[in-house]
Amino acid sequence: MKMETQPHKKHHFGTSYMPFLVQHCCLIITLLISTLFSTTTAFDYADALSKSLLYFEAQRSGRIPYNQRVTWRDHSGLTDGLEEGVDLVGGYYDAGDHVKFGLPMAFTITMLSWSAIEYRQQIEEAGELQHTLEAIKWGTDYFIKAHTSPNVLWAEVGDGDTDHYCWQRPEDMTTSRRAFKIDENNPGSDLAGETAAAMAAASIVFRKTNAHYSHLLLHHALQLFEFGDKYRGNYDASVGVVKSYYASVSGYMDELLWAATWLYKATDNKMYFEYVLSNAHKFGGTGWSISEFSWDVKYAGLQLMLSKLLREEKEKKHRAILEQYRTKAEYYICSCLNKNNDSKDNVERTPGGLLYIREWNNMQYVSTAAFLLSTYSDYLENTNQKLNCETGTVDHEEIHSFAKSQVDYILGSNPVNMSYLVGYGPKYPKRVHHRGASIVSYKKNKGFIGCTQGYDNWYGSQEPNPNVLVGALVGGPDGKDNFEDRRNNFMQTEACTYNTAPLVGVFAKFLHIENHKTVHDCNSLLLASFK
């Protein structure tokens, strides 16, 4: 803002200059304080947020749009669905391969949408709302295509077995693009439920900016839930090729409760609320105490969402069942905080303090935990409540602090000083297990690279990837905080869309807090200096 364009005011800190001076004085003071007195690492959450959203552009399948910012990618999968006579172009590759798996893709969109619902203002303040909406819409546009009739949903394009024989750029794909579906004779209540949840959540996000699209998403969500509930069964029994990659170990009951919860939030229709109440026990919603939240296991997320309804006057007559949901939600929070009496009821931690669920792609559980902890901390703060764990009472600040410790570990506050968010900070994984990133960009070399050529020339290379997969959250370190940056170390160096998705909202929240804290501290210092 140019000062000379402002109306003439008296000098000596007239009202038109005060915000300008406060802003610049705050910046100078902040720099001095951080340089002279800081004992902890300060993280750039704005940079982490913007980079996390770039990652989704790198994972795009289909025709790349004109405004694509990840320039080493190009069009791919342009004949997806052709064999089956359906248009399945678009959507996301889940990780470092080129299969489009419906269940993790849907969970990714649910979590991006939940981030945008909980932290819309904070994301907008950071200037990243449009990119967030684009990331969500890239997924929901594909789901609309994949839901070709009320009781048909295309579950997968490509298959993991043939895909994993090849190490190719997506632009060069020669592997099978066969598509697989669920229908009345081949049910998949878990996949239908999660896709319904994703579209219901996204319909809330787009309600303010694109009412027609929001209505269309809700229409699909309602149909998908009805389909999943009427024709019950696990999708991996109908789509056998998925079993080695995204088997539904938790079954479909959590997804049906999850979808109904989101539909109630999207429609305020009592029918969906009655569904989660009447099926609370039978479907495990008030029975399962779970210490992980993931693309497969939704219980902690739905339990947390439903427990918040206790504060709403209209739901108080259902207090007994909602209290049971809250008990299970708080078990999850307490287990993350290491506040349950029995050690087996607490999530393990690495020596460096990272939550540790399992060896393969552990960071997915860390990012979802950070999100749930952050939203529950907000809820307790807004309702002036505390959390009662078996070992004592916990306030919202302690929950927030622990969530922040997990995110800061991801960004580099860990024993090896490694950022596990690719492209963030001075040290991050350079050999991510990712076909497109590890081979010279199609934009630079349009010469065809075949299956074995990719393995021979690129997969086995010790060199860093030629393309940086910015914003990808890799699988992360082992239980002892050790990390080996090798391309063939896929348990640790492969990244997935559902790893990064929950962090979008969390980064925005932490950025908002840091900005307000800086302004508050600076205002206090300035006021003190003028006394």
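The shown structure was predicted, so the numbers you read here are calculated from the model rather than taken from an experiment.

J.: Describe the UniProt feature "active site" (unreviewed entry) in the chain, with residues and values.
T.: Annotation from UniProt places "active site" (unreviewed entry) at His 433. Excluding residues that lie within four positions of it along the chain, His 433 makes contacts with Gly 96, Trp 167, Tyr 459, Arg 487, Asn 488, Phe 490, Thr 493 and Glu 494.

J.: Go over the packing of aromatic side chains with me, naming the residues and quoting the values.
T.: According to the stated counting rule, one finds 28 aromatic pairs in the structure shown. Between Trp 258 and Trp 262, the aromatic rings sit 6.0 Å apart at their centres with planes inclined by 85°, giving edge-to-face as the arrangement. Within this pair, Trp 258 and its partner Trp 262 are both found in helix 11 (residues 253-267), separated by 4 residues, close to a single helical turn. Overall, Trp 258 belongs to the buried group, its relative accessible area being 0%. Positioned above the aromatic ring of Trp 138 is the side chain of Arg 60, whose terminal nitrogen or guanidinium carbon lies 4.5 Å from the ring centre. The ring of Tyr 213 is capped by Lys 137, whose NZ or CZ atom sits 4.8 Å from the centre of that ring.

J.: Requested: an account of the side chain of Asp 378, with residues and values cited.
T.: Along the chain, Asp 378 turns up in helix 15 (residues 363-382). On the basis of relative accessibility, which here comes to 14%, the residue Asp 378 falls in the buried class. In contact with Asp 378, not counting residues within four places along its chain, are Tyr 119 and Lys 509.

J.: Please provide a residue-by-residue account of the pairing of strand 2 (residues 153-157), values included.
T.: Along a regular strand, successive side chains alternate from one face of the sheet to the other. Counting buried positions along strand 2 yields 5 of 5 residues, so the element is predominantly enclosed. Of the pairings in the sheet, the one linking strand 1 (residues 100-101) to strand 2 comprises 2 bridges and is antiparallel in character. Within strand 2, the position partnered with Lys 100 by the bridge is Val 157. Here strand 2 pairs with strand 3 (residues 179-182) via 4 bridges, running antiparallel. Bridge assignment links Val 157 to a residue of strand 3, and that residue is Ala 179.

Rules of the game
- Residues numbered from 1 in each chain as written.
- Predicted model: local features only at pLDDT ≥ 70, side-chain atom pairs only at ≥ 80, totals over all residues.
- Heavy atoms only, no water.
- UniProt positions renumbered as here; feature names shortened; annotations may be inferred.
- Contact = heavy atoms within 4.5 Å.
- Phe/Tyr/Trp six-rings, centres within 6.5 Å; stacked < 30°, edge-to-face > 60°.
- Helix = DSSP H or I, 4+ residues; strand = E, 2+ residues; numbered from the N terminus.
- Buried < 20%, exposed > 50% of the residue type's maximum accessible area, 1.4 Å probe, protein only.
- Lys NZ or Arg CZ within 6 Å of the ring centre and 35° of its normal.
- Pairing = 2+ DSSP bridges.

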